[in-house]
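# Coordinates in review
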Amino acid sequence: MKPIVKPIVKPVALVAACLVVFGLSLFAQRGGGAGAQAAAGAQGAGEEEESPLGQAMDGLQSGMRAIGRLLADPDKKDEASSTAREMQNYVLIAMQLEPAAPDGVEAGRHQLDFRMEMHAVLGELLALELAVREGDAEGAKTRFSTLNGLKKAGHDRFRVDD
Ligand code: HEM
C-alpha cells in the first residue's frame, strides 16, 4: 500500500521551493547597497534598457536616499561616510560618459559643461564625507541640500526628458 503522506509532501515541497526562490530574488535586490539596486533597476522585465549614464545616476540616487536617513543617526557615521564614498565612484563613472547635446549646442562644449557640473557634485560629496567623519552634523546637512540643488540644476539643463 502507498504511504498516505506521499500526495501531501509533493505540493508542500513545491510551495517551499517557490518561497526559497522568491526569498532569494528579494535578497539579491536588497542585499548589495546602491550598486545592486541600480543594477536591479536596470533589468526590470520588459523595460527599455537603461543607458550607462542612467545607471550611474540611479546609483547616485540610491546613495542620496540612504545618506538622507543615515545623517539623522550619529551612530551611523561609518555607513554614511562609506555611502558618500560609493557615490563619489558613481560621479567618476558619470564623468566618463557623454550626455547628448540638444540641437544647436556644440557637443564638446556641452559635455565639458556636464563634467564641470559633475565635478561640483564630486566636491560636495567629498566635503560631505569630511563633515560626517568630523561629526559636523550641520555641515553635512548643508552639503546634502547643496547636492539636491545641484541635482535639480543639472537635470534642468542636461536631462532631456526631465
Ligand atoms: C546627487 C545628484 C544627482 C542625483 C541623485 C541624480 C539622479 C538621477 C536619476 C535618478 C536619474 C534618472 C536615471 C534613470 O533614467 O533611471 C538621472 C538622470 C540624469 N541625470 Fe542626474 N542626478 C544627479 C545629478 C545630476 C547632475 C549634476 C547632472 C548634470 C550635470 C545630471 C544629469 C543627468 C542626466 C543627463 C540624466 C539622464 C541620463 C540618461 O537617461 O541617459 N544629474 N539623474
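## Structural notes on the site of the ligand
- Lining the immediate surroundings of the ligand are 21 residues, of which Ser51, Gly54, Met57, Glu117 and Gly154 lie closest.
- Elements that contribute at least two residues to the shell around the ligand include exactly helix H3 (52-70), helix H5 (107-133) and helix H6 (137-158).
- The dominant element in the shell around the ligand, judged by the number of residues it contributes, is H3, at 7 residues.
- Of the residues contributing to the shell around the ligand, the split by class is 11 nonpolar, 5 polar and 5 charged.

## Here we look at the confidence of the model for the chain
- Looking at the chain as a whole, the pLDDT averages 80, with 70% of positions reaching at least 70.
- This model gives residues 3-9 a pLDDT under 50, and the stretch forms 0 contacts once residues within four places in sequence are excluded.
- Scored below 50 in pLDDT, residues 11-44 shows 17 contacts in the model against residues more than four places distant or in partner chains.

## Notes on the environment of Phe158
- Position of Phe158 relative to the elements: it lies in helix H6.
- Between the C-alpha atoms of Phe158 and Phe114, which are 44 residues apart in sequence, the distance is 7.3 Å.

Conventions and cut-offs
- Numbering of residues starts from 1 in every chain and runs along the sequence as written.
- The predicted origin of the model limits local features to residues at a pLDDT of at least 70 and limits the giving and counting of side-chain atom pairs to 80 or more, whereas totals for whole chains, interfaces and linings rest on all residues.
- For each residue, a C-beta atom is positioned from the backbone; the residue is called near a molecule or strand if that atom sits within 6 Å of it.
- Numbering of helices and strands starts at the N terminus; helices are DSSP runs of H or I of at least 4 residues and strands are runs of E of at least 2.
- All residues other than Ala, Val, Leu, Ile, Met, Phe, Trp, Tyr, Cys, Pro, Asp, Glu, Lys and Arg, Gly among them, are scored as polar; the first ten of these are nonpolar and the last four charged.
- A residue's pLDDT is the predictor's confidence in that residue, given on a scale from 0 to 100.
- For the purpose of contact definition, each residue receives a C-beta atom placed from its backbone, and two residues are in contact when these atoms lie within 7 Å.

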